[in-house]
Amino acid sequence: MSDYRIETKCVQSGYTPGNGEPRQIPIIQSTTFKYATGEDMGRLFDLEAAGYFYSRLQNPTCDYVAAKICDLEGGTAAMLTASGQAANFYAVFNIATCGDHVVASSSIYGGTYNLFAVTMKKMGVEFTFVSPDCTGEELDAAFRPNTKAVFGETIANPALTVLDIEKFAKAAHAHGVPLIVDNTFATPVNCRPFEWGADIVTHSTTKYMDGHGAAVGGCVVDSGRFDWMAHADKFPGLTTPDDSYHGITYAEKFGQGGAFITKATAQLMRDFGSTPAPQSAFLLNMGLESLHVRVARHCENAQTVAEYLEKHEKIAWVNYAGLESSPYHALARKYMPGGTCGVVSFGVRGGREAASRFMAALKIAAIETHVADARTCCLHPASTTHRQMNDEELAAAGVPGDLIRLSCGLESKDDLIADIEQALAAI
Ligand SMILES: *Cc1c(COP(=O)(O)O)cnc(C)c1O
């Protein structure tokens, strides 16, 4: 499928039925797979033959869908995970373990920040957080001899900052480590980070890829471009024998294009689990079939809403990279010429109380912690997720009291504007 355009890949990639086989991806709801001889299965356990034996490691339904996302991103191998959190954990832990260090953008998703700064820290992996807007020199200064990766989000959730992927890739490569990019908000329809130097891409497929609020999931994709053997001393897990698989060396046996995902599947999925249910992978694929159509509409609605809000006298500020007033507009045009995402954040004049009243008056937009759904939803952190904080604490956390995050769905943009208009009139 790699010669086709992204629209065709969304619909067709990953699964090609043979004569008389099901047109839709089959849901292989089976934990286990049958073999004629112990030797046949033994070859799978030795990684000498490819095949399925237990769905904790791999399942055909999940692999069809992983292959589609791999093709969309332009990668060489991919794996589905049961959540976006698991995808980011696997992507990092596959190469950075106890005693290692990782450089990460400071404006990443809160769940990922906790995973890195709290839980992985307990596992002995240290993180240095740098502003996505830092200079090349500031970025260089964050590296240590034990740094194993650099991590950022194409468009950060919920800060909506845009990552200068080339700047981060250049710094990572100068220090002999890969750049991992969480491409959840942009999706491969709007940005393919491998084309700008990223080495590994992750997704929370829970967001636009699923797109209907139906199934939590994640994905890790390898570009196949990072030369592990050229930096063999930094990545012993890939470049020295794995005793738990009879001494195979992943980078030798599976090459530059296959080593990373094979190791993540054979070691991390084996030991930690968190593989998605085949039914969830099937639902994800249904979402992917219309991803290109939906993402364009999400962006069109968000652009219209952002432009409307920017001109409204009851609105204090609007943060959306599609607006020329955004400090990220130039980066967005470079990396995402077709549009950014459907999420807009803004402040209502009158602070916390006005924002609260505005939200209560909305009729179409439901109050949810979710984003990137077909149905418009919104969140006022100061009265919900961050309600224990006072105004000073909110400002320090980068979540001002008047901030509202609006995830524009696929409804009529005229209805969305009318809903916002009547809610603003109510304050
Ligand atoms: C939601 C999200 C995650 C976490 O994904 P889950 O599927 O909720 O585990 C990670 N990164 C980004 C950018 C997200 O928006």
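Just above sits the structure.
Keep in mind that what you see is a predicted model, and the values were worked out from it rather than measured.

Colleague: Summarise the environment of A277; cite the residues concerned and give the values.
Modeller: Along the chain, A277 falls in the loop between helix 11 (255-272) and helix 12 (278-288). Judged by its relative accessible area of 37%, A277 is partly exposed. With 195 residues separating them along the chain, A277 and A82 place their C-alpha atoms 7.5 Å apart.

Colleague: An account of the layout of surface pockets is needed here, citing residue identities and associated values.
Modeller: Roughly 860 Å³ of volume is contained in the largest pocket. Lining the largest pocket we find 31 residues, and of these N157, P158, A159, H386 and V399 sit closest to its centre. Counting only elements with at least two residues in the lining of the largest pocket, the list comes to helix 5 (110-122), strand 8 (315-319) and strand 12 (403-407). Per-element tally for the lining of the largest pocket: the top contributor is helix 5, with four residues. Of the residues contributing to the lining of the largest pocket, the split by class is 15 nonpolar, 14 polar and two charged. Lining the lining of the largest pocket are residues from two domains, each supplying at least three of them: domain 1 (6-286) and domain 2 (292-425).

Colleague: Describe empty space enclosed by the protein, with residues and values.
Modeller: Applying the stated rule across the entire model yields three cavities of 30 Å³ or more. Space inside the largest cavity adds up to approximately 60 Å³. Those elements that provide at least two residues to the lining of the largest cavity are strand 1 (77-81) and helix 12. In terms of residue count, the dominant contributor to the lining of the largest cavity is helix 12 (three residues). By residue class, the composition of the lining of the largest cavity is six nonpolar, five polar and no charged.

Colleague: Quick one: what's the story with the packing of helix 4 (residues 84-93) against helix 11, residue by residue and with numbers?
Modeller: Put simply, helix 4 and helix 11 touch, their axes get as near as 10 Å, and they point 115° apart. Between helix 4 and helix 11 lies a crossing whose hand is right-handed. Counted together, F89, Y90, A91 and F93 of helix 4 and F260, L268, M269 and F272 of helix 11 form the full contact between these two elements. When its residues are assigned to classes, the contact of helix 4 with helix 11 shows eight nonpolar, no polar and no charged.

Colleague: Describe the side chain of E73, and please don't skip the residues or the numbers.
Modeller: Looking at where E73 falls in the secondary structure, it is placed in helix 3 (residues 60-73). This buried residue, E73, is left without a salt bridge; R192 holds the nearest opposite charge, at 6.4 Å. Once residues lying within four places of it in the same chain are set aside, the contact partners of E73 are N183, P188, C191, R192, P193, F194, V201, H203 and V221.

Colleague: So, the packing of aromatic side chains: which residues are in play, and what are the values?
Modeller: Under the definition given, this model contains 20 aromatic pairs. Look at F89 and Y90: their rings are 5.9 Å apart centre to centre, the planes differ by 50°, and that puts the pair in the tilted class. Here F89 and Y90 have matching classes, each one buried. Ring geometry for F226 against W228: centres 4.7 Å apart, planes inclined by 55°, an arrangement best described as tilted.

Colleague: Can you lay out the sheet that holds strand 10 (residues 366-367) for me, pointing to particular residues and giving the numbers?
Modeller: With mixed pairing, the five strands of this open sheet are ordered in space as 8-9-12-11-10. Only two strands of the sheet have a single neighbouring strand rather than two, namely strand 8 and strand 10. As judged from the five bridges shared by strand 9 (residues 343-348) and strand 12, these two strands associate in the antiparallel manner. Bridged to F346 within strand 12 is I404.

Colleague: Explain the sheet that holds strand 7 (residues 218-222) to me, using residue names and the numbers behind them.
Modeller: Within the open sheet, the seven strands sit side by side as 1-7-6-5-4-2-3. Their pairing is mixed. A single partner strand is all that each edge strand has here, and the edge strands are strand 1 and strand 3 (126-130). Strand-to-strand twist in this sheet, taken as the mean axis angle between neighbours without regard to direction, amounts to 20°. In terms of strand pairing, strand 4 (residues 147-153) meets strand 5 (residues 179-182) through four bridges, oriented parallel. Counted as the bridge partner of E153 is D182 from strand 5. Its contacts with the sheet put helix 7 (residues 165-174) on strand 3, strand 4 and strand 5, and the angle it makes with strand 5 is roughly 150°.

Basis of the calculations
Residues numbered from 1 in each chain as written. Predicted model: local features only at pLDDT ≥ 70, side-chain atom pairs only at ≥ 80, totals over all residues. Heavy atoms only, no water. Helix = DSSP H or I, 4+ residues; strand = E, 2+ residues; numbered from the N terminus. Buried < 20%, exposed > 50% of the residue type's maximum accessible area, 1.4 Å probe, protein only. 1 Å grid on protein atoms, 1.4 Å probe; cavity = no way out; pocket = protein on both sides within 12 Å on 5 of 7 lines; lining within 4 Å. Points joined across faces, edges and corners; volume = space filled by probe spheres on them. Nonpolar A, V, L, I, M, F, W, Y, C, P; charged D, E, K, R; others polar. Domains from an automatic or database assignment. Axes fitted to C-alpha atoms, helices over the stretch in contact; angles between N-to-C directions. Left-handed = near helix turned anticlockwise from the far one by under 90°. Contact = heavy atoms within 4.5 Å. Lys, Arg positive; Asp, Glu negative; His and termini not counted. Salt bridge = Lys/Arg side-chain N within 4 Å of Asp/Glu carboxyl O. Phe/Tyr/Trp six-rings, centres within 6.5 Å; stacked < 30°, edge-to-face > 60°. Pairing = 2+ DSSP bridges.

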